[in-house]
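# Geometric and topological summary
What follows is each chain in one-letter form.
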Amino acid sequence: MTDISPAARRLARRRASERRFRLYGMAAVGAALALLTLILGGIAVDGVSAFRQAEVRLPVTFEAAAVEGGDYGVLVKRALKGLFPEVRGRKAKRALYALASQGAARELRRMVAEDPGLAGATREVWLPASDDVDMFVKGRASGRISADQAAWIAALTDGGRLEEHFNTRFFTSGDSREPELAGILGATLGSLLTLAITFAVAFPLGVGAAVYLEEFAPRNRLTDLIEVSINNLAAVPSIVFGLLGLAVFLNLAGLPRSAPLVGGLVLALMTLPTVVIAGRVALDAVPGSIREAALGLGASRLRAVVHHVLPLAMPGVLTGAIIGMARALGETAPLLMIGMVAFVVDLPTGPTDAATALPVQIFLWADAPERAFVERAAAAILVLLAFLALMNLVAVLLRRRWERRF
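Residues numbered from 1 in each chain as written. Predicted model: local features only at pLDDT ≥ 70, side-chain atom pairs only at ≥ 80, totals over all residues. Heavy atoms only, no water.

## A short note on the overall build of the protein
When its secondary structure is counted, the protein shows 17 helices and 3 strands. For 406 residues, the compact-globule formula gives about 22 Å, and the C-alpha radius of gyration of the protein, at 30 Å, lies well above that figure. Judged by the C-alpha coordinates and their principal axes, the protein covers about 90 × 80 × 40 Å. For the protein, the share of sequence-separated contacts (at least 6 apart) that also reach a separation of at least 24 residues comes to 77%. For the protein, the distance from the average position of its 43 positive side-chain charges to the average position of its 35 negative side-chain charges is 9 Å. (Helix = DSSP H or I, 4+ residues; strand = E, 2+ residues; numbered from the N terminus. Rg over C-alpha atoms; globule rule 2.2 N^0.38 Å. Contact = heavy atoms within 4.5 Å. Lys, Arg positive; Asp, Glu negative; His and termini not counted. Charge placed at Lys NZ, Arg CZ, Asp CG, Glu CD.)

## Let's talk about helix H3 (residues 72–83)
With 12 residues, H3 should cover 16 Å at 1.5 Å per step; its first-to-last C-alpha distance of 17 Å lies within 8% of that length. Taken as a whole, H3 has its buried residues at Tyr72, Leu75, Val76, Ala79, Leu80 and Lys81. Elements in contact with the buried residues of H3: strand S1 (52–61), helix H2 (64–69), helix H4 (90–97), helix H5 (104–114) and strand S2 (122–128). (Expected span 1.5 Å × (residues − 1). Buried < 20%, exposed > 50% of the residue type's maximum accessible area, 1.4 Å probe, protein only.)

## Section: the side chain of Asp175
On the secondary structure map, Asp175 appears in the loop between helix H8 (169–172) and helix H9 (185–216). Buried and unpaired, Asp175 has no salt bridge, with Arg177 as the nearest side chain of opposite charge at 7.5 Å. A polar atom in the side chain of Asp175 sits 3.1 Å from the side chain of Gln361. Only 3.1 Å separates the side chain of Asp175 from the side chain of Trp365, close enough to count as a polar contact. Apart from residues no more than four positions distant in its own chain, Asp175 is found in contact with Ala182, Gly183, Phe343, Val344, Val345, Gln361 and Trp365. (Salt bridge = Lys/Arg side-chain N within 4 Å of Asp/Glu carboxyl O. Polar contact = N/O pair within 3.5 Å; in protein donor to acceptor, adjacent residues only side chain to side chain.)

## Looking at the packing of H3 against H4
Close contact between H3 and H4 brings their axes to 10 Å; oriented N to C, the two are set at 105 degrees. Considering the angle they form, H3 stands roughly perpendicular to H4. Contact residues: H3 offers Lys77, Leu80 and Lys81, while H4 offers Lys93, Leu96 and Tyr97. Of the residues belonging to the contact of H3 with H4, the class tally is 3 nonpolar, no polar and 3 charged. (Axes fitted to C-alpha atoms, helices over the stretch in contact; angles between N-to-C directions. Parallel < 35°, antiparallel > 145°, perpendicular 65-115°, else oblique. Nonpolar A, V, L, I, M, F, W, Y, C, P; charged D, E, K, R; others polar.)

## A closer look at the pattern of salt bridges
As enumerated under the stated definition, the model contains 19 salt bridges in all. Measuring nitrogen to oxygen at the nearest pair gives 2.2 Å for the salt bridge that ties Arg78 to Glu63. Of this pair, Arg78 sits in helix H3 while Glu63 sits in the loop between S1 and H2, and the two are 15 residues apart along the sequence. Taking the relative accessible area as the measure of exposure, Arg78 reaches 45% and is therefore partly exposed.

## Brief notes about the confidence of the model for the protein
Averaged over all residues, the pLDDT of the protein equals 88, while 97% of them reach at least 70. The least confident element of the protein is H2, whose mean pLDDT is 84; the most confident is strand S3 (residues 162–166), at 93. (pLDDT = per-residue confidence, 0-100.)

## Digging into the environment of Ala380
Tracing the chain through its elements places Ala380 in helix H17 (residues 371–402). Taking the C-alpha atoms as reference, Ala380 lies 9.4 Å from Trp365; in sequence the two are 15 residues apart. In this view, Ala380 contacts Phe170, Ile184, Leu358, Ile362 and Trp365; residues no more than four positions away in its chain are not counted.

## Topic: helix H7 (residues 147–158)
Taking 1.5 Å of rise per residue, the 12 residues of H7 would be expected to cover 16 Å, and the 17 Å separating its terminal C-alpha atoms lies within 8% of that figure. Every buried residue of H7 is accounted for by Gln149, Trp152, Ile153 and Leu156. Along the long axis of H7, the arc covered by the buried residues comes to 100 degrees, so they all point the same way. Among the exposed residues of H7, those pointing more than 90 degrees away from its buried face are Ala147 and Asp158. Elements that come into contact with the buried residues of H7 comprise S1, H3, H4, helix H6 (131–137) and S3. (Arc of directions from axis to C-beta.)

## Observations regarding the sheet that holds S1
In a beta sheet, neighbouring strands pair by backbone hydrogen bonds and run either parallel or antiparallel. Spatially, 3 strands are ordered S2-S1-S3 in an open sheet, and the strand pairing comes out antiparallel. On the outer flanks of this sheet lie S2 and S3, each paired with one strand and no other. On average, each strand axis in the sheet is inclined to that of its neighbour by 40 degrees, with strand direction left out of account. Bridge count between S1 and S2: 7 bridges; the pairing is antiparallel. Across the sheet, Thr61 pairs through a bridge with Thr122, a residue of S2. Set on the sheet, H3 makes contact with S1 and S2; between it and S1 the angle comes to about 85 degrees. (Pairing = 2+ DSSP bridges.)

## As for the nonpolar core
Core analysis: the biggest nonpolar cluster contains 39 residues, and Phe170, Ile184, Leu335, Ile338 and Trp365 have the highest contact counts within it. Mapped by element, the contributors of at least two residues to this core are H9, helix H11 (238–252), helix H12 (260–285), helix H14 (301–329), helix H16 (358–366) and H17. Among the elements that make up this core, the one with the highest residue count is H17 (9 residues). In contact with Phe170, other than residues within four places in its own chain, are Phe51, Ala182, Gly183, Ile184, Leu185, Trp365, Arg376, Ala379, Ala380 and Val383. Within the second largest apolar cluster, 32 residues are counted, among which are Leu80, Ala100, Leu108 and Val112. (Core = buried A, V, L, I, M, F, W, Y, C linked by side-chain atoms within 4.5 Å.)

## Details of the environment of Arg106
Looking at the element boundaries, Arg106 is found in helix H5. Among the residues examined, Arg106 registers a relative accessible area of 48% and is labelled partly exposed. Put simply, Arg106 and Ala299 are 193 residues apart on the chain and 67 Å apart in space, counted from C-alpha to C-alpha.

Okay, here's the thing in structure tokens:
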């Protein structure tokens with residue numbers, strides 16, 4: 001029996017090394033997927049329950065005197081007292097009235113405004129329960145529910161007067177100091193206005209800079225310095241752009257604080273290097289024969305770029321712009337620096353109105369002491385992740401739909 005040759009032993013070692021490398025790669029991918037599943041799973045477990053809200057059905061009598069005086073809170077209290085007439089004492093009554101949200105009175109006011117004929121009538125009305133009741137019903141009580149309140153909640157549940165309904169307020173309301181009334185509509189509108197300004201500023205400037213640097217700029221030290229600067233700007237921490245926006249747009253230019261206009265300008269500065277780099281890569285991918293054919297047929301250099309090269313590179317340019325916008329959508333630090341961390345209840349109607357953004361809203365809710373706000377922060381994270389996934393999906397579809405292979 002002959003010994004294995006040195007070449008065969010080296011070949012066996014190389015194959016064993018390749019198998020180990022594949023196993024290491026598979027283990028790394030598996031660990032990354034496990035950690036991602038753990039993080040997203042934890043967020044989903046905390047956030048999905050925020051899409052449901054506990055509501056209590058009360059027999060409300062819209063007394064004319066209370067309606068005319070605007071004291072709708074009295075109507076809610078009397079409705080609760082009518083369901084539990086045995087409750088006596090100021091402390092016990094206060095605990096009973098705490099079952100309903102403070103926004104229940106505003107809900108009754110809205111109903112009367114929509115239907116003035118309710119004055120003097122009695123209606124069974126679904127009203128939001130307080131955040132403590134909501135957490136208790138969902139099995140996340142934090143010890144803020146007393147024994148008497150737990151008994152009243154059980155009685156309401158057995159009587160079909162306490163149920164969990166889809167939380168439409170989460171999508172149709174602005175921020176609130178009461179967790180059960182807080183929503184993401186104001187922050188979503190603020191993010192959309194901010195992104196619109198970001199795109200309007202960063203896309204034309206970025207595409208113009210990419211076209212000039214790639215197609216027209218002479219190759220010298222100045223252009224090399226510009227290219228290096230753009231690449232370095234793409235790696236600058238986002239908070240630096242926030243400091244720049246604070247110094248230039250707020251302190252120097254005097255633009256309104258906590259406005260989507262300023263937020264969009266700051267995020268445009270942050271997104272601009274990404275758009276320029278993606279645009280240059282897309283333009284460089286267009287074969288030189290396209291340029292030569294256009295020039296050979298008598299087109300000017302500008303016409304060759306605008307009518308032939310740029311349309312072919314546009315899928316890649318748009319993909320880079322959308323990815324840059326997706327990064328801007330999730331940024332928080334620069335918006336905190338320019339004051340978009342303010343508590344804003346009203347919905348913004350324009351780029352100069354005070355507003356906040358979805359990542360900042362998540363930051364505010366996550367820092368709140370109430371457990372229900374943490375639940376809503378997790379739900380807002382799920383909505384933000386859905387937006388980011390949608391933007392990346394659009395980028396992929398654009399590339400697959402319009403990309404041409406040369």
